[in-house]
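Inside the fold
The residues making up each chain are set out below.
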Amino acid sequence: MAQTLVAEKPATSEDISVQIETAFKRLHANRWHMANTTAEERIARLKRLRDAILRRRGELEKAMWEDFHKPAAEVTISELQPVLSEIQHTIKHLKSWMKPMKVPTPMHLFGTKGVVKHEPKGTVLILSPWNYPFNLFINPLVTAISAGNVCMMRPSDKVRATSTLLKSLIEEVFPPEEVVVFTGPSSIGNIMLEMPFDHVFFTGSPNVGRTIMSAASKHLASVTLELGGQSPVVVDESADEKAAAQRLMWGKFVNGGQTCIAPNHVFVHESKLESFLEEAKASVERQYGATDADRKASADFARIVDDRSHKRLAGMLESTIAAGAKVVVGGDVDASERYIAPTVLRDVDESMAAMDEEIFGPILPIMSYKTLDQVIAAIQSRPKPLAMYIFSNNQGNIDRLLANTTAGGTTINNVLLHFANGDLPFGGVGESGQGNYHGFFGFRNLSHERAVLVQKKPVSINMFFPPYTDKVKKMGEMLTKYLAR
């Protein structure tokens, strides 16, 4: 007899809710087992993850090209290498991170010993973005595993080929009671947020970050919010404008400009403006092609992730030019390919559309300035950014900018590189986020720092127990005077 094939019904939201709840209960039941794993056991998990990543590197490159034409070289530089570096750094240092941290004993607690014990947060939800879909998915997981947590994860649905690969990769390495991945629309994330996670790790926009924080607050869950913002750049009168232009054109247009710490806009001292713009144009032509047609045909320049984002960016570019900004290089737009050329604009002012919000695309506004006070006032007037970049050989200017602005992180005389140093914390401040990770800072962020005090010697505070005799009062007064010295 011929077998009758019945099409599988798509899962309903009710079905998915049940699956997520079941997966959460499985994770929660295993959280104490994971909490008691040794450094060697956690390191073994990280090594399995590393080996699986290396085996499937080719698949990763193909998936990201399919999703938004991300060049293989950029996959290596901005996705694969940062993750392998984080894994290597964690493997090297995890044993020392896990040791109880000794703290000094104050004189009035003589006879006791205090330590800080890092223990896992427990069940962790990781919601990752589409722009660096591998890096910003795996690195938080490395952090969570190193701290002894169990994890539920959701990659972005905007990059479906990559998300499918990520789910397969995780299922190859981890059993479902340790790490579980759900793919699908953003509504799945909303269902996950109904579960009583101990910690939520979210990377995305400030607007969604507010929703995440509100949902987490219902369970009093702690959060790490890696958001974004309008990361400013300052090129002062002492800067090497050629080096600044070359590094900025790379940092801005890598990944098609879709980078949370990308330079958003540049303040250039008026004495350097014309030479800087010449170098910027030359750098774009050297990196992506000498003509508009060459740049569009370049295999080294990614596309915008979806039609909605392309429409937003195209409208922003059109409005900014209509308001008086001039194109130094680029400006081409092709909706059929989701293409926006690497574009540099001059004569931009604060009122134009390109300055209304984080650009998150390959458009770079340039503004000239006369005094550093103007720049500082402009930066202070906007929400705290995720990154800030200073190109200067004047230490006084550098110190003044650092003292009068704030940002999640800052690189001086280059761009993006603070993200790549595993011994530096990476995270935002204010509207650009809260909490940080990378290296020990991530391990600490996804751990609870438990204070433990041990009574060692038979010296105690029982001399201060009731009844409060004159002797007790005298001893108390002596201690007060000692502490008030």
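Up top is the structure these notes are about.
Let me sum up the structure you'll find in this document. It should be emphasised that the depicted structure is a prediction, and the values quoted were computed from it without experimental measurement. (Residues numbered from 1 in each chain as written. Predicted model: local features only at pLDDT ≥ 70, side-chain atom pairs only at ≥ 80, totals over all residues. Heavy atoms only, no water.)

1. Looking at the overall build of the protein
Counting its secondary structure elements, the protein contains 16 helices and 20 strands. Principal axes of the C-alpha set define a box for the protein whose edges measure 85 × 85 × 35 Å. The buried share among the 485 residues of the protein stands at 51%. The long-range share in the protein, meaning contacts at least 24 apart out of those at least 6 apart in sequence, stands at 74%. (Helix = DSSP H or I, 4+ residues; strand = E, 2+ residues; numbered from the N terminus. Buried < 20%, exposed > 50% of the residue type's maximum accessible area, 1.4 Å probe, protein only. Contact = heavy atoms within 4.5 Å.)

2. Quick look at the environment of Asn 190
When you line up the elements, Asn 190 lands in helix α7 (residues 186-192). According to the relative accessible area criterion, Asn 190 is partly exposed, its value standing at 47%. Each C-alpha atom of the pair Asn 190 and Asn 445 lies 23 Å from the other, and the pair is 255 residues apart in sequence.

3. A look at the packing of aromatic side chains
Inspection of every chain in the model, using the stated rule, returns 13 aromatic pairs. A centroid spacing of 5.0 Å and a plane angle of 85° characterise the contact between Phe 201 and Tyr 437, whose relative ring orientation is edge-to-face. Taken as a pair, Phe 201 in strand β6 (residues 199-203) and Tyr 437 in strand β19 (residues 436-437) lie far apart in primary sequence, 236 residues in all. Residue classification places Phe 201 among the buried residues on the basis of a relative accessible area of 1%. With a centroid separation of 4.8 Å and an interplanar angle of 80°, the aromatic rings of Phe 419 and Phe 426 are classed as edge-to-face. Judged by its relative accessible area of 15%, Phe 419 falls in the buried class. Taking the relative accessible area as the measure of exposure, Phe 426 reaches 4% and is therefore buried. Members of the aromatic cluster, joined through ring pairs, are Trp 97, Phe 440, Phe 441 and Phe 443. Above the plane of the ring of Trp 32 lies Arg 31, whose end atom (NZ or CZ) is 3.9 Å from the centre. (Phe/Tyr/Trp six-rings, centres within 6.5 Å; stacked < 30°, edge-to-face > 60°. Lys NZ or Arg CZ within 6 Å of the ring centre and 35° of its normal.)

4. Here we look at the packing of helix α3 (residues 57-68) against helix α4 (residues 72-98)
The contact between α3 and α4 brings their axes to 10 Å, and the two run at 110°. As far as their axial angle goes, α4 and α3 are roughly perpendicular. Handedness of the α3/α4 crossing: right-handed. When α3 is examined against α4, the residues Arg 57, Leu 60, Glu 61 and Met 64 are found in contact with a partner set consisting of Ala 72, Val 75, Thr 76, Glu 79 and Leu 80. (Axes fitted to C-alpha atoms, helices over the stretch in contact; angles between N-to-C directions. Parallel < 35°, antiparallel > 145°, perpendicular 65-115°, else oblique. Left-handed = near helix turned anticlockwise from the far one by under 90°.)

5. Some points on the sheet that holds strand β18 (residues 433-434)
Read across the open sheet, the six strands follow the order β5-β4-β3-β6-β7-β18; overall the sheet is mixed. Since the sheet does not close on itself, it has two edges, and those belong to β5 (179-181) and β18, each with one partner. Sheet topology note: the β6/strand β7 (residues 222-226) ladder contains five bridges and is parallel. Among the inter-strand pairings, Phe 201 is bridged to a residue of β7, identified as Thr 224. On top of the sheet, helix α5 (residues 135-146) reaches β3 (123-127), β4 (150-154), β5 and β6; it is set at about 170° to β4, its chief contact. Sitting on the sheet, helix α8 (residues 206-217) is in contact with β3, β6, β7 and β18, with an inclination near 175° to β6. (Pairing = 2+ DSSP bridges.)

6. Notes on the pattern of salt bridges
The tally for this structure, following the rule as stated, stands at 27 salt bridges. The partner of Glu 357 in a salt bridge is Arg 312, with the nearest N and O atoms 3.6 Å apart. Taken together, the residues Glu 357 in the loop between β13 (343-346) and β14 (363-369) and Arg 312 in helix α12 (residues 307-322) connect sequence positions 45 residues apart. What emerges from the salt-bridge pattern is a single network uniting Arg 55, Arg 56, Glu 59 and Glu 172. (Salt bridge = Lys/Arg side-chain N within 4 Å of Asp/Glu carboxyl O.)

7. Notes on α8
Residue pairs three or four apart in sequence face the same way in an α-helix, which turns once every 3.6 residues. The terminal C-alpha atoms of α8 lie 16 Å apart, and with twelve residues this matches the ideal 16 Å at 1.5 Å per residue to within 8%. Pro 206, Gly 209, Ile 212, Ala 215 and Ala 216 are the residues of α8 that are buried. Those residues of α8 hidden inside the fold are in contact with β3, β6 and β7. (Expected span 1.5 Å × (residues − 1).)

8. Some remarks on the side chain of Asp 236
Residue position: Asp 236 is located in the loop between β8 (232-235) and α9 (241-253). Despite its burial, Asp 236 remains without a salt bridge, the nearest opposite charge being carried by Lys 272 at 7.3 Å. Of note is the side chain of Asp 236, whose polar atom sits 2.8 Å from the side chain of Ser 238. If near-sequence neighbours (up to four positions away) are discounted, Asp 236 is found in contact with His 269, Lys 272, Tyr 369, Phe 391, Ser 392, Asn 393, Asn 394 and Asn 397. (Lys, Arg positive; Asp, Glu negative; His and termini not counted. Polar contact = N/O pair within 3.5 Å; in protein donor to acceptor, adjacent residues only side chain to side chain.)

9. Comments concerning the environment of Ala 147
Locating Ala 147 in the fold gives a position in the loop between α5 and β4. For the pair Ala 147 and Arg 308, spaced 161 residues apart in the sequence, the C-alpha separation amounts to 38 Å. Contacts of Ala 147, omitting those with residues within four sequence positions, involve Arg 42, Pro 120, Phe 443, Leu 446 and Ser 447.

10. Let's talk about the packing of α4 against α5
At a minimum axis separation of 9 Å, α4 and α5 run at an interaxial angle of 10°. Considered as vectors, α4 and α5 are oriented roughly parallel to each other. On the side of α4, the interface is formed by Ser 78, Glu 79, Pro 82, Val 83, Glu 86, Ile 87, Thr 90 and Leu 94, while α5 contributes Asn 135, Ile 138, Asn 139, Val 142, Thr 143 and Ser 146. For the contact of α4 with α5, the residue count by class is six nonpolar, six polar and two charged. (Nonpolar A, V, L, I, M, F, W, Y, C, P; charged D, E, K, R; others polar.)

11. A short note on the pairing of β13
By the bridge criterion, three bridges tie strand β10 (residues 326-329) to β13 in an arrangement that is antiparallel. Within β13, the residue paired with Val 327 across the bridge is Leu 345. Where β13 and β14 come together, three bridges link them in parallel fashion. From the neighbouring strand, Thr 343 faces β14, where its bridge partner is Ile 363.

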